[in-house]
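# Structural characterization, general
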Amino acid sequence: LGGPGSIFWIWIAGIITSINAFCESYLGAKYQERDGSEYKGGPSFYISKGLNNKKLASFYAILIIIAYIFGFMAIQANTISVCIEQYYGISPLIIGIVLAFVSGISIIKGLDRIVNITSKLVPFMGIGYVLLSITVIVINIDKIPGVLSNIILSAFDFKAFGAGVLSTFIIGIQRGTFSTEAGLGTGAIASSCSHSSNKIGIGLIQILGIYFTVFVICTSTALIILTSDYTSLSLNN
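### Quick notes on the overall build of the chain
Helix and strand content of the chain: 10 helices and two strands. Seen in sequence order, the chain has helices and strands lined up from the N terminus as α-β-β-α-α-α-α-α-α-α-α-α. The buried share of the chain, reckoned over its 237 residues, is 31%. Intrachain contacts of the chain at a sequence separation of at least 6 include 72% that bridge at least 24 residues. As presented, the chain carries roughly 14600 Å² of accessible surface, and 71% of it is formed by carbon and sulfur atoms. On the chain, the mean spot of the 13 positive side-chain charges and the mean spot of the 10 negative ones are 10 Å from each other.

Here it is in structure tokens:
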């Protein structure tokens, strides 16, 4: 959706919204509260304590819970189920049960268990994906200049404004926000769990995460897709 040009607007969204990621993470760390040996916080805390608006804080808390249950997690689970069903023929029900079981194991023992699992899993996922991406890019290195040119030209396709640059812009911004979650407050919730006293450093780490997601993971994904035979067939058709 949005065509090759959408990745350009994902880049722009990442740059612009990184300041949101910094601010929310800084505020989350600043207004965090101790909960036993751990810390907790997020937008609900700094809205309540910083803005002194408990009603708005409660509204945000309810909204983010609904958004995650019926939005983010549902979309991600559906994407996983559809991909596995199409390629391996496994029933979505079985996939859903497995996802629920794995998620339950991850969260049932609280924050420490989640941190322990993600701190081991995410670096492995990131490094593995980057190595895979580099391999694909090197194999198709002769196509890369044309792909990058196609991304820029498609991002500014004013000849078909309604179906061209406008839809590409909107979809790019949407996907950029979805992939980084900058400005949604979820980064602040995670940052609030930190034991670090360097609040600015926490915000800068969040910006680094945004840039890694946008300029490494999303861009690698775009280059893999745009150098594939699937894209060539789609364009020809």
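### Quick word on the nonpolar core
Core analysis: the largest hydrophobic core is formed by 18 residues, its most contacted members being I7, F8, W11 and I151. Ignoring sequence-local partners within four residues, the contact set of I151 consists of P4, G5, I7, F8, W11 and L226.

### Topic: helix α6 (residues 144-155)
The first and last C-alpha atoms of α6 sit 17 Å apart over 12 residues, in line with the 16 Å expected at 1.5 Å per residue. Looking only at α6, the buried set comprises I144, V147, I151, S154 and A155. Around the axis of α6, the buried residues are gathered within 100 degrees of arc, so they sit on the same side. Facing away from the buried side of α6, by more than 90 degrees, are the exposed residues P145 and L153.

### Description of a nonpolar patch on the surface
Taken together, Y87, Y88, I90, I94, V98, F101, V102 and I105 make up a surface patch of nonpolar side chains, about 870 Å² in accessible area. Sorting the residues of the nonpolar patch by element identifies α3 (54-88) and α4 (92-107) as the ones contributing at least two each. When residues of the nonpolar patch are assigned to their parent elements, the largest contribution, five residues, is made by α4. Within the secondary structure, Y87 sits in helix α3. For Y87, a relative accessible area of 67% translates into the label exposed.

What counts, and at which threshold
Residues numbered from 1 in each chain as written. Predicted model: local features only at pLDDT ≥ 70, side-chain atom pairs only at ≥ 80, totals over all residues. Heavy atoms only, no water. Helix = DSSP H or I, 4+ residues; strand = E, 2+ residues; numbered from the N terminus. Buried < 20%, exposed > 50% of the residue type's maximum accessible area, 1.4 Å probe, protein only. Contact = heavy atoms within 4.5 Å. Areas by Shrake-Rupley, 256 points an atom, 1.4 Å probe, with all protein chains shown as cover. Lys, Arg positive; Asp, Glu negative; His and termini not counted. Charge placed at Lys NZ, Arg CZ, Asp CG, Glu CD. Core = buried A, V, L, I, M, F, W, Y, C linked by side-chain atoms within 4.5 Å. Expected span 1.5 Å × (residues − 1). Arc of directions from axis to C-beta. Patch = residues over 30% accessible without salt bridge, like charges linked within 9 Å, V, L, I, M, F, W, Y side chains within 5 Å. Salt bridge = Lys/Arg side-chain N within 4 Å of Asp/Glu carboxyl O.

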